[in-house]
Amino acid sequence: MGRGFAASENRALLRTDRQTQDMSSPLPDGAARRALLLGVFGFVVLGMTDGALGVVWPDLRDEFDRSDGSFGQVFVCLAGGYMLASFASGHLSDRYGVTAVVRGGSTLAALALAVIATGASWPVTLAGFLLLGLGNGLLDATVNAWVAIKQTQRAMGLLHGFYGIGAVAGPLVATAFVANDDRWQVPFWIFATLQIAVLVALPQARAGFDDAPVTADVEAAQEHVASGSARLLPMVLAWFFLYVGAEVAIGQWSFTLLTEQRDVADQTAGILVATYWGGLTAGRFLLAAVGDRMTPELMMSRASALAVAGATVFAIDPGGFGAAGLPVLGFAFSVMFPAVVNRTPVYLGAARAARVVGYQFAASSAGAIVIPSLIGILIDRSSAEALATVSLAVVIAMTAMWAVVRAGAPKPTTTPAS
């Protein structure tokens, strides 16, 4: 009976979602499609930039005679700029429009990449990374908010899936230039050119990004929802802090755990870590293909249970096969971020969604700094098994926190099936 009720609720909520999208998306399909395609292309560029940095770093480090510890300065500049920009993105898009903010983000990113590519000096390079964090933060948060408000769950999966494609392509592009010729600047010039391409194509997407506002009736209803659920915002932000912290920490430290603590060969460990990212990317493309067949609530319930199972296997390492939890964790994580961002307009109000998504991305950036750093300290003081223990604790906390959010969230109005 419980399973039948859940299926019935899932169908009812899906009908409500589609009705809401019909009321709040008066655009012709062509305009919305052009904007979405440009957003997807922009996310490929974001992924390429993020993925290439680790490959370029050794040459960049040697260029300025720095130590590996100097990478912390780069990360602080990137993350600091990203956090500031994502926090402000919603306020800026509310005032100036999505197109203007996307233009500003792409302009900053293109300028930043060019500054880095010049290789003028270490302080100038750090300034370039700060600008890059600002530009990427504006683009990431603004496009995500637009998709959450105006598009479907499938579109959200497509956006994040193509970010994964970019993250895979970026290291390949960078390797082509640093492997033999030590031309580390060339990838940055390539990425700057791609950002300029976003700027050139942006006028074609204006009608899709800056469309008619949400209708007055829908906005009033959503403001009523928001007024009753503002207390959920701290919990939602805490969830983003924990989720992104766990996602980044597992990706960053799992190779160390496998090779230095569990005696896995380097090559095998590299493949196992790749299965984590592979599960993350595959799950997001699956979301893009069939995401409209399941509500975010049901999806989060199943993904959370799967994540707890994967984290448990990874932590207890049964029979030495704990790494089998990595692809499970990646697949479970794949839908979580898109699903929660997608539900922001429903839970916290469409009128404030752009601002709230910006806050979510700022919290995510903080989690990406704090949790991996904390695990690094614990590894130094104990062992690399700290990653598995902390990851399991964080995943359980995320699951409990989402249950509280879901219980306190407004229930969309549903109509009986005809």
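What counts, and at which threshold
Residues numbered from 1 in each chain as written. Predicted model: local features only at pLDDT ≥ 70, side-chain atom pairs only at ≥ 80, totals over all residues. Heavy atoms only, no water. Helix = DSSP H or I, 4+ residues; strand = E, 2+ residues; numbered from the N terminus. Buried < 20%, exposed > 50% of the residue type's maximum accessible area, 1.4 Å probe, protein only. Contact = heavy atoms within 4.5 Å. Areas by Shrake-Rupley, 256 points an atom, 1.4 Å probe, with all protein chains shown as cover. Patch = residues over 30% accessible without salt bridge, like charges linked within 9 Å, V, L, I, M, F, W, Y side chains within 5 Å. Salt bridge = Lys/Arg side-chain N within 4 Å of Asp/Glu carboxyl O. Axes fitted to C-alpha atoms, helices over the stretch in contact; angles between N-to-C directions. Parallel < 35°, antiparallel > 145°, perpendicular 65-115°, else oblique. Left-handed = near helix turned anticlockwise from the far one by under 90°. Phe/Tyr/Trp six-rings, centres within 6.5 Å; stacked < 30°, edge-to-face > 60°. Lys NZ or Arg CZ within 6 Å of the ring centre and 35° of its normal. 1 Å grid on protein atoms, 1.4 Å probe; cavity = no way out; pocket = protein on both sides within 12 Å on 5 of 7 lines; lining within 4 Å. Points joined across faces, edges and corners; volume = space filled by probe spheres on them. Nonpolar A, V, L, I, M, F, W, Y, C, P; charged D, E, K, R; others polar.

(A) View of the overall build of the chain. Broken down by element type, the chain carries 14 helices and 0 strands. Secondary structure elements in the chain, listed N-terminal to C-terminal, are α-α-α-α-α-α-α-α-α-α-α-α-α-α. Per-residue burial over the chain gives 52% buried out of 418 residues. Long-range contacts, defined as pairs at least 24 residues apart, comprise 85% of the intrachain contacts of the chain with a sequence gap of at least 6. Working note: accessible area of the chain is about 17700 Å², and carbon and sulfur atoms make up 65% of it.

(B) Broad picture of a nonpolar patch on the surface. Together, Leu286, Leu306 and Phe331 make up an exposed nonpolar region whose accessible area comes to about 240 Å². Relative to the helices and strands, leucine 306 resides in helix α11 (residues 296–316).

(C) Region of the structure containing the packing of helix α4 (residues 98–118) against helix α5 (residues 122–150). In contact at an axis separation of 7 Å, α4 and α5 are set at 155° when each is read in the N-to-C sense. The orientation of α4 relative to α5 falls into the category roughly antiparallel. Seen along the crossing, α4 lies across α5 with a hand that is left-handed.

(D) Just the environment of phenylalanine 361, in detail. Relative to the assigned elements, phenylalanine 361 resides in helix α13 (residues 353–381). Here phenylalanine 361 is in contact with Tyr82, Ser86, Asp140, Ala141, Asn144, Phe337 and Val341, once residues within four sequence places are set aside.

(E) Structural view of the packing of aromatic side chains. Applying the stated rule across the entire model yields 18 aromatic pairs. By the ring-pair criterion, three or more aromatic residues cluster together here, those being Trp239, Phe240, Tyr243, Tyr276, Trp277, Phe333, Phe337, Tyr347, Phe361 and Trp402. Its guanidinium or amino end placed over the ring of phenylalanine 314, arginine 262 lies 5.3 Å from that ring's centre, counting from NZ or CZ.

(F) Quick peek at the layout of surface pockets. Approximately 1900 Å³ is the volume attributed to the largest pocket. In this structure, the largest pocket is lined by 46 residues; those nearest its centre are Asp50, Phe75, Tyr163, Val248 and Trp277. Contributing elements (two or more residues each) for the lining of the largest pocket: α2 (29–63), α3 (71–96), α5, α6 (153–178), α9 (233–260), α10 (266–290) and α13. The leading source of residues in the lining of the largest pocket is α2, at 8 residues. Partitioned by chemical class, the residues of the lining of the largest pocket number 28 nonpolar, 14 polar and 4 charged.

(G) Examining empty space enclosed by the protein more closely. Tallying each qualifying case throughout the model produces 2 cavities of 30 Å³ or more. Roughly 80 Å³ of internal volume is contained in the largest cavity. For the lining of the largest cavity, the secondary structure elements donating two or more residues are α2, α4, α5 and α7 (185–209). Ranked by the residues each element gives to the lining of the largest cavity, the list is headed by α2, at 5 residues. Each pocket or cavity is described by its volume, and for the second largest cavity that value is around 40 Å³. Lining the second largest cavity are Val236, Val340, Arg343, Thr344, Tyr347, Leu348, Gln360 and Trp402. It is helix α12 (residues 325–348) that provides the largest number of residues to the lining of the second largest cavity, a total of 5 residues. A class-by-class count of the residues in the lining of the second largest cavity yields 5 nonpolar, 2 polar and 1 charged.

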